[in-house]
Amino acid sequence: MNKEFFSDLLVIAFTFVLVGTRLVAINPIMMNLSIAIMGLLCYLFFLLTSKRNDIKVKSYIYGFFLSVCMMLSIAYNGNANITNVLWIWAYMGVGLLLYEYGVKKLSGFIIFYTVNLYFISLALKGQIMIDEILETGSANNLSVISLFTMILFYLSRRESLTNLIVFIPVYIVMFVSLWTGSRAGLLSAVVFYVLVIIIEFLATKKQRWKLYIVISLSIILIGVFVIQWYEMFSVVLEGKLERSGMESSRTLIWNDYFKGLTDNVGNFIFGVPGLDPQYQHLKEYSGNTHNIFLMLHSKYGLIGFVGVFFFILKAVRKLFHNKQWILLCLLMVIIIRGMFDWVAFPGSMDVLLWYFIFYASLSIPPVYVKNQQFRTYNIVVRQRQKRNDYNKNL
């Protein structure tokens, strides 16, 4: 049995179920059940096929730890229900498949372009009323889905990113973010683009002309976007600004949450009750803090927050130490996007955060790192050193 092939099929199926349940009219219970079942199937497949007992044991420990943290938090603040514990294991299952087996280039291509070309077709038809497209969630969901598929796309790549074609997904995510009026989505895509350009510029010398071409063509493409679709994008963005202003309601929600943290020790340890009337703005959004770290504390309490935050910091440090710049950029993109919306804990980005949690805690790197051929700075340095050593031995 080709484990990588079936792993790819499961990841593709999970992504399409994740997207489809938001675009098709379906009972909310059935929607969540469908996503959870797909994620749990991924976890079961991993347990049955992987020979790595170290990662299995750690998945049991981490899953049990967060399950207990969530149940303690639920008992105190009621911010979730007991079935939400399934999300921990479901999203972890998909993350484990990505870590152990990776995702093939073709699969990453299929996932990204199937989803995003559909979004583009709707945008080009002039459907700017996103609520007419989504059956559940808000317009931000589309930009999150687009970003999620972009990250999967880049996890499937192996070649250098000094290539305009490989940058097309970033341009598409920018387009979808503008179409949906997602300022956080646009910011995330722009940051990733700029960071990769800088990395590639530092990593290459002879091929820097390619980067100049990519940058020049990017400016042209952005100019075309602005000229061609400025009116459509401006309608969405102006509507958001008129409704909430540049500050938006997020700061009011965050102020409520931080106030709740200082109100009593219970809120600080187990999470602020999202439906408590005294936190008006937080209650208005049903406990949605529009920030993944506040959601992490809200759902898992202080202990869960510290545990997960520790591994995220450890992943950043390890990626920086190992000079895995592309992976570091992808993690930064998730964090930036998560600072302004509920995209994790639980949410689709949990899949990718689990990937980085296991990267931080395991000695054996993921398939992506073992097989990668990116011309990152450390690889270039090693190549030069090998040539120098070879010349000295002649």
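Given the structure is predicted, the values throughout are model-derived calculations rather than measurements.

A. Looking closely at a nonpolar patch on the surface. On the surface, Met30, Leu33, Ile37, Leu41, Leu44 and Leu48 cluster together into a nonpolar patch covering about 560 Å² of accessible area. Mapped onto the fold, Met30 is located in helix α2 (residues 28-49).

B. Just the packing of helix α10 (residues 250-263) against helix α13 (residues 292-321), in detail. With their axes 12 Å apart at the nearest point, α10 and α13 run at an angle of 40 degrees to one another. With respect to α13, the axis of α10 lies oblique. Note that α10 runs across α13; the crossing there is left-handed. Counted together, Trp254, Tyr257, Phe258 and Leu261 of α10 and Leu294, His297 and Ser298 of α13 form the full contact between these two elements. Residue composition of the contact of α10 with α13, grouped by class: 5 nonpolar, 2 polar and no charged.

C. Looking closely at the packing of aromatic side chains. Under the counting rule described, the total for this entry stands at 24 aromatic pairs. For the pair Tyr62 and Phe311, a centre-to-centre distance of 5.2 Å together with 55 degrees between the ring planes defines the contact as tilted. Separated by 249 residues along the polypeptide, Tyr62 in helix α3 (residues 53-77) and Phe311 in helix α13 bring together distant segments of the chain. An identical accessibility class is assigned to Tyr62 and Phe311; each is buried. On the basis of an interplanar angle of 50 degrees and a centroid distance of 6.3 Å, the ring pair of Tyr118 and Phe119 is categorised as tilted. Judged by its relative accessible area of 38%, Tyr118 falls in the partly exposed class. For Phe119, a relative accessible area of 0% gives the class buried. By way of ring pairs, the aromatic residues Phe109, Phe112, Tyr113, Phe153, Tyr154 and Phe192 are connected into one cluster. Across the ring face of Tyr359, the terminal group of Lys318 is positioned such that the distance to the ring centre comes to 4.9 Å.

D. Up close: the environment of Tyr101. Tracing the backbone through its elements, the reader meets Tyr101 in helix α4 (residues 85-101). In the structure, Tyr101 is positioned 94 residues away from Ser7 in sequence and 6.9 Å away in space, judged by C-alpha atoms. Within polar-contact distance, the side chain of Tyr101 engages the side chain of Thr49 at 2.7 Å. In this structure the side chain of Tyr101 is engaged in a polar contact, spanning 3.4 Å, whose partner is the backbone nitrogen of Ser50.

E. Main features of the pattern of salt bridges. Counted according to the given criterion, the structure contains 5 salt bridges. For Asp263, the salt bridge identified is with Lys259, shortest N-O distance 3.4 Å. Here Asp263 pairs with Lys259, and both are found in helix α10, just 4 residues apart, close to one helical turn. On the basis of relative accessible area, Asp263 is assigned to the partly exposed category, the value being 35%. Its relative accessible area of 41% is what places Lys259 among the partly exposed residues. Close ionic contact of Asp341 with Arg337 constitutes a salt bridge, the shortest N to O distance being 2.6 Å. For the pair Asp341 and Arg337, a shared accessibility class is recorded, and that class is buried. One connected set of salt bridges, linked through shared partners, spans Arg52, Asp54 and Glu100.

F. How the structure looks around the side chain of Thr180. Its location among the elements puts Thr180 in helix α7 (residues 164-180). Among the polar contacts listed, one links the side chain of Thr180 to the backbone oxygen of Ser177, at a separation of 3.3 Å.

G. Spatial organisation of empty space enclosed by the protein. Using the criterion set out here, one finds 2 cavities of 30 Å³ or more in the structure. For the largest cavity, the calculated volume is near 80 Å³. Taken together, Leu66, Trp87, Ile88, Tyr91, Tyr300, Val308, Phe345, Asp350, Leu353, Trp354 and Ile357 form the lining of the largest cavity. Among the secondary structure elements, those contributing two or more residues to the lining of the largest cavity are α4, α13 and α15 (350-361). With 4 residues, α15 is the single largest residue contributor to the lining of the largest cavity.

H. Looking closely at the nonpolar core. Ile151 and Met349 are the most contacted members of the largest nonpolar core, which has 104 residues in total. Ranked by the residues each element gives to this core, the list is headed by α4, at 12 residues. Counting 8 residues, the second largest nonpolar core, distinct from the first, contains Ile253, Leu261, Leu282 and Leu294.

I. Inspection of α3 at higher detail. With 25 residues, α3 should cover 36 Å at 1.5 Å per step; its first-to-last C-alpha distance of 36 Å lies within 8% of that length. Within α3, the full set of buried residues consists of Ile55, Lys56, Ser59, Tyr62, Gly63, Leu66, Ser67, Cys69, Met70, Ser73, Ile74 and Asn77. At the exit of α3 stands Gly78, carrying a positive phi of roughly 65 degrees.

Quick notes on the rules
Throughout, residues of each chain are indexed from 1 in the direction in which the sequence is written. Totals for whole chains, interfaces and linings use every residue, but because this is a predicted model, local features are given only for residues with pLDDT of at least 70 and side-chain atom pairs only at 80 or more, for both listing and counting. In computing side-chain values, all of the structure's heavy atoms are included and hydrogens and water are not. A residue counts toward a patch only above 30% relative accessible area and without a salt bridge, and it is joined to like-charged neighbours within 9 Å or, for Val, Leu, Ile, Met, Phe, Trp and Tyr, to nonpolar neighbours within 5 Å. Surface exposure here means Shrake-Rupley accessible area, sampled with a 1.4 Å probe, where a residue is shielded only by the protein chains that are shown. A pair is scored as a salt bridge if a Lys or Arg side-chain nitrogen falls within 4 Å of a carboxyl oxygen belonging to Asp or Glu. Helix and strand assignments come from DSSP, with helices taken as H or I runs of at least 4 residues and strands as E runs of at least 2, each series counted from the N terminus. Axis definition: a line fit to C-alpha positions, over the contact stretch in the case of helices; interaxial angles, taken between N-to-C directions, run 0 to 180 degrees. Comment on the angle field: the value is read as roughly parallel under 35 degrees, roughly antiparallel over 145, roughly perpendicular from 65 to 115, and oblique elsewhere. Left-handed describes a crossing whose near helix is turned anticlockwise from the far helix through less than a right angle; right-handed describes the clockwise counterpart. Contacts are assigned to residue pairs with any non-hydrogen atoms lying within 4.5 Å of each other. Amino acid classes used here: Ala, Val, Leu, Ile, Met, Phe, Trp, Tyr, Cys and Pro are nonpolar; Asp, Glu, Lys and Arg are charged; the rest, including Gly, are polar. Here the aromatic set is Phe, Tyr and Trp, taking the six-membered ring for Trp, and pairing holds for ring centres within 6.5 Å; pairs whose planes are under 30 degrees apart are stacked, those over 60 apart are edge-to-face, and all others are tilted. Note on classification: 1.4 Å probe, protein chains only; a residue is buried when its accessible area is under 20% of the maximum for its type, exposed when over 50%, partly exposed between these limits. Consider the ring centre and the ring normal. A charge sits over the ring if Lys NZ or Arg CZ is within 6 Å of that centre and within 35 degrees of that normal. Pairs of N or O atoms within 3.5 Å make up the polar contacts considered here, provided that, within protein, one atom can donate a hydrogen while the other can accept it, and that residues adjacent in sequence are counted only when both atoms are side-chain atoms. Cavities and pockets are defined on a 1 Å grid built over the protein atoms alone: a cavity is a set of grid points where a 1.4 Å probe fits but cannot escape, while a pocket is an open set with protein on both sides within 12 Å along at least five of seven lines, and lining residues are those with an atom within 4 Å of any such point. Grid points are joined across faces, edges and corners, and a volume is the space filled by probe spheres set on the points. Here the nonpolar core consists of buried residues drawn from Ala, Val, Leu, Ile, Met, Phe, Trp, Tyr and Cys, with membership extended through side-chain atoms lying within 4.5 Å. Expected helix span is taken as 1.5 Å per residue step, with the number of steps being one fewer than the number of residues.

Structural measurements only, silent on function.
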